[in-house]
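# Report on the structure
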Amino acid sequence: MDMQEMQKEVDTYISQFKTGYFSPLANLARLTEEVGELAREINYTHGEKKKKSTEEENTIEAELGDNLFVLICLANSLNIDLNKSFEDTMNKFNVRDKDRFERK
């Protein structure tokens, strides 16, 4: 599934609810919360802090999916084409930053 299809699928899902998309600020708050949950999972898996026995089982993969969903909601609510956004970003890295890091 490409990004355009993902954006359409999320839009179809959100469109079934009366409230529709949350405001951009609410989506940013949700994204911040999800990034924190991702950070916690990475810390549990790759850091020194281990989960308590009372904490629910979760995965980095699941948290990345949650982050992607909220990011798509934010983009959709602002009518941003994430394919174009990604292409623009990669162009920036390939042009502006082409000599920034040592290559293999």
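To be clear, the structure that these remarks concern was listed above.
Residues numbered from 1 in each chain as written. Predicted model: local features only at pLDDT ≥ 70, side-chain atom pairs only at ≥ 80, totals over all residues. Heavy atoms only, no water.

On the secondary structure map, Met 6 appears in helix H1 (residues 3-15). C-alpha separation for the pair Met 6 and Ile 72, spaced 66 residues apart in sequence, amounts to 7.8 Å. Among residues more than four places away in sequence, those in contact with Met 6 are Met 1, Leu 68 and Ile 72. (Helix = DSSP H or I, 4+ residues; strand = E, 2+ residues; numbered from the N terminus. Contact = heavy atoms within 4.5 Å.)

Here we take up the nonpolar core. By size, the foremost hydrophobic cluster in this structure holds six residues: Val 10, Ile 14, Ile 72, Cys 73, Ala 75 and Leu 82. Elements supplying a minimum of two residues to this core: H1 and helix H3 (60-77). It is H3 that contributes the most residues to this core, three residues altogether. Aside from chain neighbours lying at most four places away, what touches Cys 73 is Val 10, Ile 14, Tyr 21, Asn 27 and Arg 30. (Core = buried A, V, L, I, M, F, W, Y, C linked by side-chain atoms within 4.5 Å. Buried < 20%, exposed > 50% of the residue type's maximum accessible area, 1.4 Å probe, protein only.)

Another aspect to go through is the packing of aromatic side chains. For the structure shown, the criterion picks out two aromatic pairs. The interplanar angle of 70° and the centroid separation of 5.1 Å between the aromatic rings of Tyr 13 and Phe 17 together place this pair among those described as edge-to-face. Take Tyr 13: its relative accessible area is 42%, and that puts it in the partly exposed class. Ring centres of Tyr 13 and Phe 69 lie 6.1 Å apart, and the angle between their planes is 75°; this geometry places the pair in the edge-to-face category. With Tyr 13 in helix H1 and Phe 69 in helix H3, the pair connects residues that are 56 residues apart, well separated along the chain. (Phe/Tyr/Trp six-rings, centres within 6.5 Å; stacked < 30°, edge-to-face > 60°.)

Take the pattern of salt bridges next. Applying the stated criterion across every chain, the model contains four salt bridges. Residue Arg 96 pairs with Asp 97 through a salt bridge whose shortest N-O separation is 2.9 Å. Using a relative accessible area of 11% as the deciding quantity, one classes Asp 97 as buried. Residues Arg 100 and Asp 97 are paired through a salt bridge, measuring 3.8 Å at the closest nitrogen-oxygen approach. Taken together, the shared-partner salt bridges in this structure form one network comprising Arg 96, Asp 97 and Arg 100. (Salt bridge = Lys/Arg side-chain N within 4 Å of Asp/Glu carboxyl O.)

With that out of the way, let us pick up the side chain of Gln 7. Mapped onto the elements of the fold, Gln 7 is located in helix H1. Those residues in contact with Gln 7, other than ones at most four positions away along the chain, are Ile 72, Ala 75, Asn 76, Ile 80, Asp 81, Leu 82 and Asn 83.

Quick look at the side chain of Asn 27 now. Tracing the backbone shows Asn 27 in helix H2 (residues 24-46). Residue Asn 27 is classed as buried on the basis of its relative accessible area of 1%. At 3.3 Å, the side chain of Asn 27 forms a polar contact with the backbone oxygen of Phe 22. Filtering out sequence-adjacent residues up to four positions away, Asn 27 remains in contact with Phe 22, Val 70, Cys 73, Leu 74 and Ser 77. (Polar contact = N/O pair within 3.5 Å; in protein donor to acceptor, adjacent residues only side chain to side chain.)

So yeah, pure geometry; function would need other evidence.
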